[in-house]
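The residues making up each chain are set out below.
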Amino acid sequence: MEARGRSSVGAGRIGAGRATKRAGLVLVLGATLVACATEAPADSEGPGEAVGTAAAPAEGAEAAQVTAELAASVVTPAPPHVDPSAIRSLLLPEAGVVTGIPAIQGNVMTTLRDEPRVPPANPQSPANCDIAAILSGLGTSGYALQDTLSPGGRLQQEVHLFADAAAADAAYAIVQDRASSCPSVTIDYVEAGDPISVEVSGTADTTGTFPSLAQDTRLSADAYWVTEGYNGYVLVGNAIVHWSADAPNYHAEQMPRVDRAVLGTRSAVEAVVLAHLQQFATS
């Protein structure tokens, strides 16, 4: 099976053409402080120089000071620099996909590609909303794609590698802007011969170990072939990982709806991807 390029939420899902559609569209730092105040014993034998008792600092103030010192001593690890030779390590292997997303089972097929497929100039409305095409045009220094497909669902992962973290940061800022500015886009795929409507909703933009965003997606082609799923981007040092998970497609007029929920929740699917990237960064 030939792996396909993606739109902002994965063009390969429906944009592979009518034949594919007909077969099935597919970390609170916590600390406990015990303050001990030691009082010097008073001299009780006759007159003499009084021994003063030193006042202990207020417990709350001491705790706040120590907590501030602890926080200041915590050093956030630098983001990893991904070498081109390690680019595939950012991809969750097929075994991890099947384990992490149980809906992907049965006749599982995984394809890998290291060369980006340059998409044709697909007309789109509104303009400049195809994030995948935007990333492809930024002159990345490495690329990898893995597409894991089964009758029960699909997970496609792309890695766009940049020369350094600054370049990846700039590209990720574009991704954030386009993701928030393009709740829907219609892309007329030249290869497929059909316009495909891409709708996103519920975008969650977070800053954890790695900045990431995730969305609910709905793609429709020919006005009735529909695929529901999730879509996300993760900034990992000098790389941007784009992932999308799709439920099986269905015919809106002739088949029961296949809800994206069959894949699990959006946060659960995103967590599977993020856990693998965290493991990569600490290995």
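These notes cover the structure that comes with them. Residues take numbers from 1 onward in each chain, read along the sequence in its written order. Totals for whole chains, interfaces and linings use all residues, but because this is a predicted model, local features are given only for residues with pLDDT of at least 70 and pairs of side-chain atoms are given and counted only at 80 or more. Excluded from the side-chain calculations are hydrogens and water; all other atoms, namely the structure's heavy atoms, are used.

**Overview of the pairing of strand β7 (residues 211–221)**
Here is step 1: Remark: exposure states derive from per-residue accessible area (1.4 Å probe, protein chains only) relative to the maximum for the residue type, with buried under 20%, exposed over 50%, and partly exposed in between. Helix and strand labels come from DSSP, where a helix needs a run of H or I of at least four residues and a strand needs a run of E of at least two; each type is numbered from the N terminus. With nine of 11 residues buried, β7 lies mostly within the body of the structure.
Here is step 2: Two strands qualify as a pair provided DSSP detects at least 2 bridges between them. Between strand β6 (residues 194–207) and the antiparallel strand that follows it, β7, lie three residues.
Here is step 3: Pairing analysis gives 10 bridges linking β7 to strand β8 (residues 225–236), with the strands arranged antiparallel. Within β8, the position partnered with L213 by the bridge is Y233.
Here is step 4: Taken together, β7 and the strand that follows it, β8, pair antiparallel across an intervening segment of three residues, in which D222 is found at a positive phi of about 55°.

**Brief notes about helix α6 (residues 266–282)**
Here is step 1: Along its 17 residues, α6 runs 24 Å from first to last C-alpha, staying within 8% of the 24 Å computed at 1.5 Å per residue.
Here is step 2: Of the residues making up α6, those classed as buried are V269, E270, V272, V273, H276, L277 and F280. How far a helix is expected to stretch is found by multiplying one less than its residue total by 1.5 Å.

**Details of the nonpolar core**
Here is step 1: In this structure, L90, L155, W243, L263 and L277 are the most contacted members of the largest nonpolar core, which totals 29 residues.
Here is step 2: For this core, the secondary-structure elements that each account for two or more residues are β4 (153–161), β8, β9 (239–246) and α6.
Here is step 3: Element by element, the count of residues in this core is highest for α6, at five residues.
Here is step 4: Whether two residues are in contact is decided by their heavy atoms, any of which lying within 4.5 Å being enough. Excluding residues that lie within four positions of it along the chain, L155 makes contacts with L92, V97, I101, I104, Q146, D147, T148, W243, S244 and A245. As used in this record, nonpolar core signifies buried Ala, Val, Leu, Ile, Met, Phe, Trp, Tyr and Cys residues forming a set joined through side-chain atoms within 4.5 Å.

**Some details on the state of the cysteines**
What makes a disulfide is a covalent bond joining the sulfur atoms belonging to two cysteines.
Here is step 1: Cysteine sulfur atoms that come within 2.5 Å of each other are treated as a disulfide pair. Taken as a whole and judged by the stated rule, the model has one disulfide.
Here is step 2: Put simply, C129 and C182 are joined by a disulfide, and their sulfur atoms are 1.9 Å apart. Taking the sign of the S-S torsion, about -75° here, the bridge from C129 to C182 comes out left-handed. Of this pair, C129 sits in the loop between β2 (124–125) and α4 (131–136) while C182 sits in the loop between α5 (165–181) and β5 (184–189); the two residues are 53 residues apart in sequence, bridging distant segments of the chain. An identical accessibility class is assigned to C129 and C182; each is buried.

**Focus: the pairing of β5**
Here is step 1: Burial along β5 is one-sided: V185, I187 and Y189 are buried, and none of S184, T186 and D188, which face the opposite way, are.
Here is step 2: In this structure, β2 lies alongside β5, joined through two bridges in antiparallel fashion. Directly across from S125, in β5, lies its bridge partner T186.
Here is step 3: Of the strand pairs in this sheet, β5 and β6 are connected by six bridges, and their pairing is antiparallel. Pairing of T186 across the sheet is with S197, part of β6.

**Describing unusual backbone geometry**
One can expect most non-glycine residues to show negative phi and most peptide bonds to be in trans.
Here is step 1: Cis geometry marks the peptide bond from S125 to P126, where omega comes out at -5°.
Here is step 2: Within the element layout of this structure, P126 appears in the loop between β2 and α4.

**Things to note about α5**
Here is step 1: Its 17 residues place the ends of α5 24 Å apart at the C-alpha level, agreeing with the 24 Å of an ideal helix rising 1.5 Å per residue.
Here is step 2: Taken as a whole, α5 has its buried residues at A168, A171, Y172, V175, R178 and A179. For α5, the buried positions fall inside an angular range of 125° around the axis, keeping them on one side. In α5, the exposed positions that point more than 90 degrees away from the buried face belong to A166 and S180.
Here is step 3: As for α5, its buried residues are in contact with α4, β6, β7, β8 and β9. Read the arc as the range of directions from the helix axis to the C-beta atoms.

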